[in-house]
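Per-entry structural report
Given next are the chains, with one letter for each unit.
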Amino acid sequence: MAQADRNAQPRLRPAPLLFEPAEAASDPEHFFHLESMDDPAELLARATELTHAFRAATDRSIEFQALAAAQLADPRRFDRLTAADVAERAEWTEDYAEKMIEFGRSLLKSPRP
């Protein structure tokens, strides 16, 4: 992830992700009403919006994971976790946990927009 690149650009507002009712979500053919669109131009536009929204949500979620990992591993905490403990909780490898902890520390040090 290029943190500097993301800081240079304003955050794009992703398309809203509308939560689907449980009965619709249980139908594997149903996905945000895309299956019911007949116009391919409309389908492409909405599918593209969803793709951007999911990517933005993924990026933000990763940042929050990193922040939480750094906070849990903070040596100033009496109950701090090791990288191995963080890895186990997040279902990561220990190497990845160490990288996420460092990424989180860099996020904590950088000024918020």
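In case you missed it, the structure is sitting above this.
In this report, we go over the structure that sits alongside the text. Bear in mind that the values here come from a model prediction, so they are computed numbers and not experimental data.

Procedures and definitions
- Residues numbered from 1 in each chain as written.
- Predicted model: local features only at pLDDT ≥ 70, side-chain atom pairs only at ≥ 80, totals over all residues.
- Heavy atoms only, no water.
- Salt bridge = Lys/Arg side-chain N within 4 Å of Asp/Glu carboxyl O.
- Buried < 20%, exposed > 50% of the residue type's maximum accessible area, 1.4 Å probe, protein only.
- Patch = residues over 30% accessible without salt bridge, like charges linked within 9 Å, V, L, I, M, F, W, Y side chains within 5 Å.
- Areas by Shrake-Rupley, 256 points an atom, 1.4 Å probe, with all protein chains shown as cover.
- Lys, Arg positive; Asp, Glu negative; His and termini not counted.
- Charge placed at Lys NZ, Arg CZ, Asp CG, Glu CD.
- Helix = DSSP H or I, 4+ residues; strand = E, 2+ residues; numbered from the N terminus.

So, on to the pattern of salt bridges. Across all of its chains, the model carries five salt bridges by this definition. One salt bridge connects Arg 76 with Asp 74, and the closest N-O pair in it is separated by 2.8 Å. Residue Asp 74 is classed as buried on the basis of its relative accessible area, which comes to 15%. Two residues, Asp 79 and Arg 77, come together in a salt bridge whose shortest N-O distance is 3.1 Å. Accessibility expressed as a relative area gives 36% for Asp 79, which makes it partly exposed.

On to a negative patch on the surface, then. On the surface, a cluster of negative charge is made up of Asp 85, Glu 88, Glu 94, Asp 95 and Glu 98. The set of elements that each furnish at least two residues to the negative patch consists of helix 4 (83–90) and helix 5 (94–109). A per-element tally of the negative patch places helix 5 first, with three residues. Tracing the chain through its elements places Glu 94 in helix 5.

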